[in-house]
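These are the residues of each chain, in order.
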Amino acid sequence: MKLAVLKVGGASAAGAADAVRGLQHVCVVHGAGPQISAEMQRRGLPVEFVGGRRVTTATGLEVVRESFAAVNAELCAAIPGAVGLMGDEIGLPATQVPELGLVGDPLPSAPQAVLDVLAVGCVPVVAPLAAGPLNVNADEMAAALAVGLGADRISFLTDVPGLLYGRGRDPAEAARGRDRRAARSPHGDRRDGGDRVSTVATQAVLPTYARQDLTIVRGSGCWVESAYGNRFLDLVGGIAVIGLGHGHPAPLSAAQEQLQKLWHASNLYWTEPMQALSVSVSSRFGGARSFFCNSGAEAIEAAIKWARKTTGRPGIVALEGSFHGRTLGALSITGQPAKRAAFEPLIPAVSFARLNDVDSLVVDETTAAIVIEPIQGEGGVHPATPEFLAAARELADEHGALLIFDEVQTGVGRTGSFFAFEQLGVKPDAVTLAKSLANGLPIGCLVVSDDAPQGLEPGDHASTFGGNPVVCAAACAVVDAITDELLANVHAREAQLRAAFPTLRGRGLLLALDVDRPAGEIVNACRERGVLVCTAGERTIRLTPPLVITEEEIEIAIATLREVLQ
Ligand SMILES: Cc1ncc(COP(=O)(O)O)c(C=O)c1O
């Protein structure tokens, strides 16, 4: 018997009768995705998909069953000789996927009820519930039945791409293993249109970010995977955070070991990882003491307080176009009016000079500190020149002010040396670090040179989570991993990118390219081709990949960017 399995999806019920008419032996499987989502929304139930499969609660399952029954009845009315079958009632087998609730991964089967209907020349129309009952994705159910029944063909009649649509007509191929979702053609998911995140899944989050429609569920090295199983080459690296690549074994095992021992103790006590990290950072700096916190902005807050307390002066000289964070203090010294405007008044006594314009640096006896990013990252990847930094050093010394480099983005190997200042011939009094210091665990750090004046005393500043032992254990492993070999890779990959794009700005693997159209368009086009990049301004693309990125991976990046930019 030549048997075809026909998966009917979307609004294709009417076409199902025609399709079935042309086939001798056919088993129809259908879903009810749009109907289920609509009814869930009407009842105020969450609509959530993971890997293209619907998360299903007990209440959700009632909606699923009712919707399946309605679609099943509609199809049976349209298809001559159809016999409606609810999968759980005929004992379709599946293994539960507990993380998705009442959802099943179907097993190949040849249910007697289906065989009986086929034997009398009728058309089984199967709703994809499995014994349990469990909700099963209809594409997967169709594939499992096709394999179990020994069908020689599986067809998809649908106006929406599904989990297996486009996988060919071979049942075994369609049903192959659990990696079938990963192997599915990119961006071809049902209902949510590829990697799109449903409105319901996002509406409980305050809208402070213009997020892309992509949920990232795992990462390894320079690659991340979406909830829909699509893989992306990650040239963003959490915006210069994942220096060692996703899931790097050294910080991973350090953090895991520490998790077994102690998660938190408070800064009322010492912890070993925090002490060890302070020593590591000090030796990289050449003699310094650290204050640990949880983010770049907090490190900047600590720096401002240190400078004010140490000098007894209020003033900060910062730069136009700079970015130091979103807390009120950090925002106050951020030279981007658009980010500040809604939050005025900010802290007083802040003035802004122009990057690389020595004449605009006005420092006097009210100045506590000059704060400079060695390369303005968020502001468009604009490097400070050694001459400008030397002039800032000189002015600070002349007027008794402090020189602080914000290395939140440039630090920890990003530009090809542990600190960016090492390549610039100017040593600051203090440095802020964050981002990649713990390869993705939250950390910030104010590093004050042993040669600088020390103004902070017990009670001046604090952070409950600052110096957290798990994070510091990971950070120690990160610092140890910033080896000469890794830094050589940073330079080599930079050279490789520069050879392809001579107009690149920046240093090491903090690079930017000006483009001839809105940068968001480039970001989207790259993402559609499986490569993640981010922006640094309206018409600037920023590349901050993991420092471990390989020559081959950079070749993929170059090819994609070339294609998109042409
Ligand atoms: C140079 C610089 N400073 C400070 C910050 C703020 O860091 P966070 O977002 O961790 O508060 C950033 C963030 O991008 C930064 O690039």
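Predicted model only: the values in this text are computed from it and were never measured.

Considering the overall build of the protein
- Within the protein, the secondary structure is distributed over 19 helices and 28 strands.
- The principal-axis extents of the C-alpha atoms in the protein amount to approximately 100 × 55 × 45 Å.
- A total of 566 residues make up the protein; the buried ones form 55% of that total.
- A sequence separation of at least 24 residues applies to 70% of the contacts in the protein between residues at least 6 apart.
- Summing over all exposed atoms, the protein offers an accessible surface of approximately 23,700 Å²; the carbon and sulfur share of this is 55%.
- Within the protein, the 62 negative side-chain charges are centred at a point lying 5 Å from the centre of the 47 positive side-chain charges.

Structural notes on the side chain of Ser282
- Along the chain, Ser282 falls in helix H11 (residues 272-285).
- With near-sequence residues (within four places) excluded, Ser282 lies in contact with Gly287 and Ala288.

A look at the site of the ligand
- Taken together, the residues surrounding the ligand are Ser295, Gly296, Ala297, Phe323, His324, Gly325, Glu373, Glu378, Asp406, Val408, Gln409 and Lys435.
- Within the contact set of the ligand, an oxygen atom lies 3.2 Å away from a side-chain nitrogen or oxygen of Lys435.
- Within the complex, the protein chains bury 81% of what would otherwise be the 390 Å² of accessible surface of the ligand.
- Taken together, the residues that form the shell around the ligand break down as 3 nonpolar, 5 polar and 4 charged.

Remarks on the environment of Ala254
- Topologically, Ala254 is positioned in helix H10 (residues 249-261).
- Separated by 156 residues in the primary sequence, Ala254 and Thr410 have C-alpha atoms spaced 24 Å apart.
- Beyond its immediate chain neighbours, meaning those up to four positions away, Ala254 contacts Ala473, Ala474 and Ala477.

Some points on the domain arrangement of the protein
- Assigned domains within the protein: domain 1 (3-183), domain 2 (214-235 + 483-565) and domain 3 (249-481).
- Between domain 2 and domain 3, the contact holds 19 residues from the first and 20 residues from the second.
- For the domain 2 and domain 3 pair, buried surface summed over both sides reaches about 1,600 Å², with 56% attributable to carbon and sulfur atoms.
- Contact with domain 3 buries area across many residues of domain 2, yet Arg507, Leu510 and Arg542 alone supply 41% of it, more than any other trio.
- Seen at the junction of domain 2 and domain 3, the total is 1 salt bridge.
- Its salt-bridge partner being Glu378, residue Arg542 comes within 2.8 Å of it at the nearest N-O pair.
- On inspection of domain 2 and its partner domain 3, the count reaches 8 residue pairs in polar contact (both at pLDDT 80 or more).
- Counting residues per element, the ones that place at least two in the side of domain 2 that touches domain 3 are helix H17 (484-500), strand E24 (505-507), strand E25 (510-514) and strand E28 (540-543).

With respect to H17
- With 17 residues, H17 extends 25 Å from end C-alpha to end C-alpha; this agrees with the ideal 24 Å at 1.5 Å per step.
- When H17 is considered as a whole, its buried residues turn out to be Leu486, Leu487, Asn489, Val490, Arg493, Glu494, Gln496, Leu497 and Ala500.
- Summarising the contacts, the buried residues of H17 are in contact with helix H16 (469-481), E24, E25, E28 and helix H19 (551-565).

Some thoughts on the packing of aromatic side chains
- A complete count under the given rule lists 4 aromatic pairs for this structure.
- Their ring planes at 75° and their centres at 4.9 Å tell us that Phe418 and Phe419 sit as a pair that is edge-to-face.
- Residue class for Phe419 comes out buried when judged on its relative accessible area of 0%.
- Judged by centre distance (5.1 Å) and plane angle (20°), the rings of Phe419 and Phe421 are stacked. Both residues of the pair, Phe419 and Phe421, belong to the buried class.
- Members of the aromatic cluster, joined through ring pairs, are Phe285, Phe418, Phe419 and Phe421.

Comments concerning the sheet that holds E28
- The strand order across the open sheet built from 4 strands is E24-E25-E28-E27, with neighbouring strands paired in antiparallel fashion. The outermost strands of the open sheet, each flanked by one partner alone, are E24 and strand E27 (534-535).
- Here E24 pairs with E25 via 3 bridges, running antiparallel. Paired with Gly506 across the strands is Leu511, a residue of E25.
- Of the strands in this sheet, E24, E25 and E28 touch H17, which is tilted by about 165° from E24.

Some remarks on the confidence of the model for the protein
- Per-residue pLDDT for the protein averages 91, and the proportion of residues at 70 or more is 92%.
- Per-residue pLDDT, averaged within each element of the protein, yields its smallest value for helix H7 (residues 180-183) (41) and its largest for strand E21 (residues 402-406) (99).
- When the criterion is pLDDT under 50, residues 165-169 qualifies, and its contacts beyond four places in sequence or with other chains add up to 15 contacts.
- A low-confidence stretch, residues 177-193 (pLDDT under 50), is modelled with 58 contacts involving residues beyond four sequence positions or located in other chains.

Topic: the pairing of strand E1 (residues 3-8)
- Of all 6 residues in E1, 6 are buried, a share of seventy percent or more.
- Of the strand pairs in this sheet, E1 and strand E2 (residues 25-30) are connected by 6 bridges, and their pairing is parallel. Within E2, the residue paired with Leu6 across the bridge is Val28.
- Alignment of E1 against strand E11 (residues 153-157), held across 5 bridges, turns out to be parallel. Counterpart to Lys7 in the pairing with E11 is Phe156.

Examining the pattern of salt bridges
- The tally for this structure, following the rule as stated, stands at 20 salt bridges.
- Here Glu66 ties to Arg43 by a salt bridge, and the two come within 2.9 Å at their closest N and O atoms. Residue Glu66 is located in helix H3 (residues 58-78), and its partner Arg43 is located in the loop between helix H2 (33-42) and strand E3 (49-50); the two are separated by 23 residues in the primary sequence.
- On the basis of relative accessibility, which here comes to 33%, the residue Arg43 falls in the partly exposed class.
- Close ionic contact of Asp88 with Arg65 constitutes a salt bridge, the shortest N to O distance being 2.6 Å. Of this pair, Asp88 sits in the loop between strand E5 (82-86) and strand E6 (94-96) while Arg65 sits in helix H3; the two residues are 23 residues apart in sequence, bridging distant segments of the chain.
- A residue is classified by how much of its surface remains accessible, and Asp88, at 18% relative accessible area, is buried.
- Relative accessible area serves as the criterion here: at 29%, Arg65 is assigned to the partly exposed category.
- Taken together, the shared-partner salt bridges connect Glu39, Arg42, Arg43 and Glu66 into one network.

Conventions used here
- Residues numbered from 1 in each chain as written.
- Predicted model: local features only at pLDDT ≥ 70, side-chain atom pairs only at ≥ 80, totals over all residues.
- Heavy atoms only, no water.
- Helix = DSSP H or I, 4+ residues; strand = E, 2+ residues; numbered from the N terminus.
- Buried < 20%, exposed > 50% of the residue type's maximum accessible area, 1.4 Å probe, protein only.
- Contact = heavy atoms within 4.5 Å.
- Areas by Shrake-Rupley, 256 points an atom, 1.4 Å probe, with all protein chains shown as cover.
- Lys, Arg positive; Asp, Glu negative; His and termini not counted.
- Charge placed at Lys NZ, Arg CZ, Asp CG, Glu CD.
- Near = heavy atom within 4 Å.
- Polar contact = N/O pair within 3.5 Å; in protein donor to acceptor, adjacent residues only side chain to side chain.
- Nonpolar A, V, L, I, M, F, W, Y, C, P; charged D, E, K, R; others polar.
- Domains from an automatic or database assignment.
- Buried area = accessible area lost by both parts, 1.4 Å probe.
- Salt bridge = Lys/Arg side-chain N within 4 Å of Asp/Glu carboxyl O.
- Expected span 1.5 Å × (residues − 1).
- Phe/Tyr/Trp six-rings, centres within 6.5 Å; stacked < 30°, edge-to-face > 60°.
- Pairing = 2+ DSSP bridges.
- Axes fitted to C-alpha atoms, helices over the stretch in contact; angles between N-to-C directions.
- pLDDT = per-residue confidence, 0-100.

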